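These are the residues of each chain, in order.
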Amino acid sequence: MLSALLLPTGLSRRYKRAELRGCNTTSEKKRVTRNMKKPVNAVIVLLFICAATIAEGGTTSRVERNSEPTETGNGGAPPYLEILRGRDGEDGRDGRDGEDGVPGPAGQVGKDGKDGRDGRDGKDGELGEKGDPGLLGPPGPPGPSSGGVVYTRWGRTTCPNTPGTELVYAGRAGGSYYNHKGGAANYLCLPESPDYLSSTPGHPIGSPVYGAEYESGWRNASLASVNDHNVPCAVCCTTTKVMVLMLPAKTQCPPSWTLEYNGYLMTAHNNHNRATFECVDKDPETVPGSAGDVNGAQFFHTKTTCSGLPCPPYVSSKELACVVCTK
């Protein structure tokens, strides 16, 4: 169409025929070139002829396109077509994703995985109802010692054979002279081997301590056999108890208490200086070689009266008993 506008009318028909036939003959190219009136028209004609040749390449038979290369170097195509051939175009855009295929068959079961980490501790639940008391279990072993009590067993050199009781030391009873106005009221359990802080004898003026004797030799006294003998003693400790009790006028301990020993309640004579009441064992021992009547501190039986005490159950002039208990 554009070639018809640029060329004379007489030439337009030939150019159209040349476009339909293609630029395959040299004579046609000469006739077209000879009839061009302007160089510009010749260039434009060549461009359109070549474009038409490329667009209408189907007019050339397959045999001609696939023929052996000629002197033109491209299966008979004119050389100027090689010059006008364009560059390769850019790659087209990727097509859309296809639809999902049919699911394949199930695979083999995999191996068990490793155990996961322990989860966090949950919150404490609500407190449930109180259950019934359980059965009483067997008693446990004794616990460690956490104390204990100490007492003196008067009239013996050994401690009672009760569980948890042990001897601290054995000795002999002593105290102030029976008719001295001064001195102490209590009795002492003196050890057999004393220790002294000074080796120098002290001043004769002071408060002397004497050994203690049984004074039980009259009117069929219960301990008449040991009259005027010195009184031994034993200091005992029980590691399983925390309390000790000397109970007068009784021979047995209260419930839940342990009997350590029992005997006679004794003290100083009522005409002598006052002394404490002590529980002397009912089966007394004596200090060997101490049968002489040297007095010193003394242990006398105690007797009840009906003056201020109910008779019965108390009996006038009867020797009082005693018992030492622990818990």
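Residues numbered from 1 in each chain as written. Predicted model: local features only at pLDDT ≥ 70, side-chain atom pairs only at ≥ 80, totals over all residues. Heavy atoms only, no water.

K.L.:
Lay out the side chain of Glu278 with the relevant residues and their values.
P.N.:
Inspection of the secondary structure puts Glu278 in strand β8 (residues 278-281). Although buried, Glu278 forms no salt bridge, and the nearest oppositely charged side chain, Arg153, lies 12 Å from it. A distance of 2.9 Å separates polar atoms of two side chains, one belonging to Glu278 and the other to Trp154. Among all residues touching Glu278, those that are not within four sequence positions of it are Trp154, Tyr187, Tyr264, Leu265, Met266 and Phe299. (Helix = DSSP H or I, 4+ residues; strand = E, 2+ residues; numbered from the N terminus. Buried < 20%, exposed > 50% of the residue type's maximum accessible area, 1.4 Å probe, protein only. Lys, Arg positive; Asp, Glu negative; His and termini not counted. Salt bridge = Lys/Arg side-chain N within 4 Å of Asp/Glu carboxyl O. Polar contact = N/O pair within 3.5 Å; in protein donor to acceptor, adjacent residues only side chain to side chain. Contact = heavy atoms within 4.5 Å.)

K.L.:
Outline the packing of aromatic side chains, listing residues and values.
P.N.:
In the structure shown here, the tally under the stated rule is two aromatic pairs. With a centroid separation of 6.4 Å and 65° between ring planes, the pair formed by Trp154 and Tyr187 is classed as edge-to-face. Of this pair, Trp154 sits in strand β1 (residues 149-154) while Tyr187 sits in the loop between β2 (165-175) and β3 (188-191), and the two are 33 residues apart along the sequence. Judged by relative accessible area, which is 7%, Tyr187 ranks as buried. (Phe/Tyr/Trp six-rings, centres within 6.5 Å; stacked < 30°, edge-to-face > 60°.)

K.L.:
Pulling in residues and values, what's your account of the nonpolar core?
P.N.:
A general feature of soluble globular proteins is that nonpolar side chains tend to end up buried together. In terms of nonpolar packing, the biggest core is built from 26 residues, with Trp154, Ala173, Tyr187, Tyr261, Val280 and Phe299 touching the most fellow members. Listing elements by their share of this core, those giving two or more residues are β1, β4 (210-215), β5 (232-238), β7 (258-267), β8, β9 (297-301) and β10 (321-326). When residues in this core are grouped by element, the largest group, four residues, is from β5. In this structure Val280 touches Trp154, Gly155, Tyr214, Tyr261, Asn262, Gly263, Tyr264, Met266, Phe299 and Cys322, once residues within four positions along its chain are discounted. (Core = buried A, V, L, I, M, F, W, Y, C linked by side-chain atoms within 4.5 Å.)

From the geometry alone we can't say anything about function, so treat these as descriptive.
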